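# Summary of the model geometry
Listed here are the chains, written in short residue letters.
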Amino acid sequence: MIDLRSDTVTLPSAAMREAILHAELGDDVFGEDPTVNRLEHRAAERVGKEAGLLVVSGTMGNLVSILTHCGRGVEVILGDMCHTFLYEAGGIAALGGIHPRTIPNQPDGTLRLEDIEAAIRPGNVHFPRTRLVCLENTHNRCSGAPLTVEYTAQVVALAHGRGLGVHLDGARLFHAAAALGVDVKELTEGADSLSFCLSKGLAAPVGSVVCGSKDFIAEARRTRKVVGGGMRQAGIIAAAGIVALDQMIDRIPEDHDNAARLAAGIARIDGLSIDPARVQTNIVYFDVAREKMSPDELVKRLTARGVRVLSTGPTRLRAVTHYGISAGDIDQALQALSEAMRA
Ligand code: TLP
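Reference entry: report on the structure contained in this document. (Residues numbered from 1 in each chain as written. Predicted model: local features only at pLDDT ≥ 70, side-chain atom pairs only at ≥ 80, totals over all residues. Heavy atoms only, no water.)

Counting buried positions along strand 7 (residues 193–197) gives five out of five residues, so the element sits mostly inside the fold. Residues S193, S195 and C197 point to one face of strand 7 and L194 and F196 to the other, with burial holding for every one of them. Here four bridges tie strand 6 (residues 165–170) to strand 7, and the two strands are oriented parallel to one another. Its bridge partner being in strand 7, H167 is matched across the sheet by S193. As paired elements, strand 7 and strand 8 (residues 208–212) share five bridges and run antiparallel to each other. Of the residues in strand 8, the one forming a bridge with L194 is C211. (Buried < 20%, exposed > 50% of the residue type's maximum accessible area, 1.4 Å probe, protein only. Helix = DSSP H or I, 4+ residues; strand = E, 2+ residues; numbered from the N terminus. Pairing = 2+ DSSP bridges.)

Here you go:
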């Protein structure tokens, strides 16, 4: 199977399995797992923050961060296409009583500064208090678009100027840095918290890391305990995470090249449509002509030909490139797509 449903499907590399086998372990709730401590330190350093906190998933990373920033009845400004709003089971509202205020995501994943400004609540007894702005980089639903250093700095300046915090859902932050050719630290500058995933494009089996100031992370550690995320010998997970940080970041451009190759091929297939220029990272959204077939039917035909993609809308599908997918796999996937469309 050539599995392009997500970069979450990656299996750990041999080096990761080896590291897991030999990981030095302890009880992380007591702060005594040396491997977790090493990962948290390494991750924070890499993204230019003081401290890090290993969590189970990207969803938990966003939840713990936002719960740490906001109390009950507080409002958070976020994009209507962002992962936290669409795909995290309403956790911030369900568990934190936090009020999501959505504003439109532009096709490039940004939120317009004037929309953010207009969404900030004035002090009035009728209104919830605005406390936080969330950005997502790269932006999953917006074609995996990377948000630039300049744009992030503008949002940070606006938010801080109005007394608000900024949280960055950086599930694929290293992809943004690779696509833009910048150091990841430039993309996190000024963000009060961020979460990045070890288990997506970096191919570790489990885990995300929340990063921020020492004080923020100390508080987030409490919040993680509240949601049941205090793990014990979590060095088993962290060991693979360290290998992910050491070995998987430099190879990200290969995934971007494969995504571009896939997009260019899709553009040549009758009945499929895509704007290849939109594909800047490892996420490829494309559409199938309504009169030809449904996305579900196309998924079925592709699966029968050994290729898996996701159906994500009435005409839309998604394919994601990752560790374990080669240029040859992309050519095979394109072959399967042409056959499926002709069959
Ligand atoms: N995204 C998954 C699915 O949930 C859609 C995927 O296959 O892309 N932030 C962003 C931007 C994400 O794309 C995801 C996962 C998460 C957070 C949540 O991470 P997990 O799945 O580890 O909870």
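Considering all chains together, one arrives at 19 salt bridges under this definition. A salt bridge links D115 to R112; the shortest N-O distance between them is 3.6 Å. For D115, a relative accessible area of 18% corresponds to the buried category. The residue D331 makes a salt bridge to R261 at a minimum N-O spacing of 2.9 Å. Of this pair, D331 sits in helix 14 (residues 327–342) while R261 is found in helix 12 (residues 252–267), placing the two residues 70 residues apart along the sequence. Residue classification places D331 among the partly exposed positions, given a relative accessible area of 35%. (Salt bridge = Lys/Arg side-chain N within 4 Å of Asp/Glu carboxyl O.)

Note that all results are geometric; they support no functional claim without further evidence.
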